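# Structural description and commentary
The lines below spell out each chain.
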Amino acid sequence: MASIFVRPDGEANVVARGQGNTLMYYWATPGSPWHSAQVAGPGTTYSAPSIFVRPDGEADIVARGPDFSLMYYWAESGSSWRSAQVAGAGTTGYVPSIFVRPGGEAGIVAQGPDSSLMYYWAESGSPWRSAQVAGVRTTFSAPSIFVRPDGEADIVARGSGDSLMYYWAESGSPWRSVQVASADTTTSSSAPSIFVRPDGEADIVAIGPGGAVLYYWAAPGSPWRSVQVAAFTYSFLAASIFVRYGGVADLVAVGA
């Protein structure tokens, strides 16, 4: 799997795990051919990566590194890639997810030891810090994160018993959680995907029983609602969501 981010000028940036467990970066402007660069060499990347591009053009990438470590890569436009280890061996499972707040603080979520849920954050030039969002045996997929303009971080992941869990915290406040969907509703180890609209509505897509694509949404303070987008007959394996400024929700899904 790969991760994509589109810059305001239309340039698309894609990151993916390459041959020999390398980390590859691809980019193209509308109507132009694709270019590529190797971010990290063989034996460095053991998950699908996640990318976020800051308003100043810096691209930030996270991926699972050797021995289940957590690696972070970044580069300003036209500069060489740099890297740092966010968390050491035995800390990171599945696929981490990154989001950069408007103030420049980068936030990463990942499945931690014993299926816990971990959050890492750092301001530019500062060391990484960490907090446990949820304890052991709570998180059974890659998590997905979205940070609202007011600083609230929203995370979704597959919980125990194949449930769907939602976690949120305002800056400096403790994490809270709610069960979006009960046991036996969220069956893929791939991450559910979350996007928060400008009006505060949170939208989630996840894979349900038999590979169906399920869509959940809730306005602030309201209960979660759901609808089945695609039937189980297609046996989807993963899904991702993005909501356009006009309110149109776009979903993509990986088939069997």
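Now for a quick tour of the structure. (Residues numbered from 1 in each chain as written. Predicted model: local features only at pLDDT ≥ 70, side-chain atom pairs only at ≥ 80, totals over all residues. Heavy atoms only, no water.)

Scanning the chain from terminus to terminus reveals zero helices and 22 strands. Taking 2.2 N^0.38 as the reference for a compact globule, 256 residues should give roughly 18 Å; the C-alpha atoms of the chain span a radius of gyration of 17 Å, in line with that estimate. Counting only C-alpha atoms, the chain reaches 45 × 40 × 35 Å along its principal axes. Across the 256 residues of the chain, 51% fall into the buried class. Nonlocal contacts in the chain, meaning residues at least 24 apart in sequence, comprise 30% of its contacts between residues at least 6 apart. Approximately 11,900 Å² of the chain is accessible, and the part contributed by carbon and sulfur atoms is 54%. Across the chain, the centroid of the 14 positively charged side chains sits 3 Å from that of the 20 negatively charged ones. (Helix = DSSP H or I, 4+ residues; strand = E, 2+ residues; numbered from the N terminus. Rg over C-alpha atoms; globule rule 2.2 N^0.38 Å. Buried < 20%, exposed > 50% of the residue type's maximum accessible area, 1.4 Å probe, protein only. Contact = heavy atoms within 4.5 Å. Areas by Shrake-Rupley, 256 points an atom, 1.4 Å probe, with all protein chains shown as cover. Lys, Arg positive; Asp, Glu negative; His and termini not counted. Charge placed at Lys NZ, Arg CZ, Asp CG, Glu CD.)

A sheet is described by the order of its strands in space; here four strands give the open sequence E1-E2-E3-E4, paired in antiparallel fashion. The strands lining the two open edges of the sheet, one partner per strand, are strand E1 (2-6) and strand E4 (35-40). Mean inter-strand twist for the sheet, computed between neighbouring axes without regard to direction, equals 20 degrees. By the bridge criterion, five bridges tie strand E3 (residues 22-28) to E4 in an arrangement that is antiparallel. Across the sheet, the residue bridging to Leu23 is Ala40, located in E4. (Pairing = 2+ DSSP bridges. Axes fitted to C-alpha atoms, helices over the stretch in contact; angles between N-to-C directions.)

What follows deals with the pairing of strand E17 (residues 193-196). Burial along E17 is two-sided: the face carrying Ser193 and Phe195 and the face carrying Ile194 and Val196 are both buried. Once E17 ends, the chain turns through five residues before running back antiparallel as strand E18 (residues 202-207), passing Gly200 with a positive phi of about 100 degrees.

On the basis of which strands lie adjacent, the open sheet formed by four strands has the order E9-E10-E11-E12 and antiparallel pairing. Of all the strands in the sheet, just strand E9 (93-100) and strand E12 (129-134) have a single pairing partner and so form its edges. Neighbouring strand axes in the sheet, compared pairwise and without regard to direction, differ in orientation by 20 degrees on average. Pairing analysis gives six bridges linking strand E10 (residues 106-111) to strand E11 (residues 117-122), with the strands arranged antiparallel. Looking across to E11, one finds that Gln111 is bridged to Leu117.

Turning our attention to the side chain of Ser163. Along the chain, the position of Ser163 falls in the loop between strand E14 (153-158) and strand E15 (164-169). Under the relative-accessibility criterion, Ser163 is labelled buried at 2%. Among the polar contacts made by the side chain of Ser163, one reaches the main-chain carbonyl oxygen of Ser160 at a distance of 2.9 Å. For Ser163, the residues in contact, after removing those within four places along its chain, are Ala157, Arg158, Gln179, Ala181, Ser182, Ala183, Asp184, Thr185 and Thr186. (Polar contact = N/O pair within 3.5 Å; in protein donor to acceptor, adjacent residues only side chain to side chain.)

The next point concerns the pairing of E1. Of the pairings in the sheet, the one linking E1 to strand E2 (residues 12-18) comprises five bridges and is antiparallel in character. Note that in E2 the partner of Ile4 across the bridge is Val14. In this antiparallel pair of consecutive strands, E1 and E2, the connection spans five residues, and Gly10 shows a positive phi of 95 degrees.

Fair warning: the whole summary comes from geometry, so function is off the table for now.
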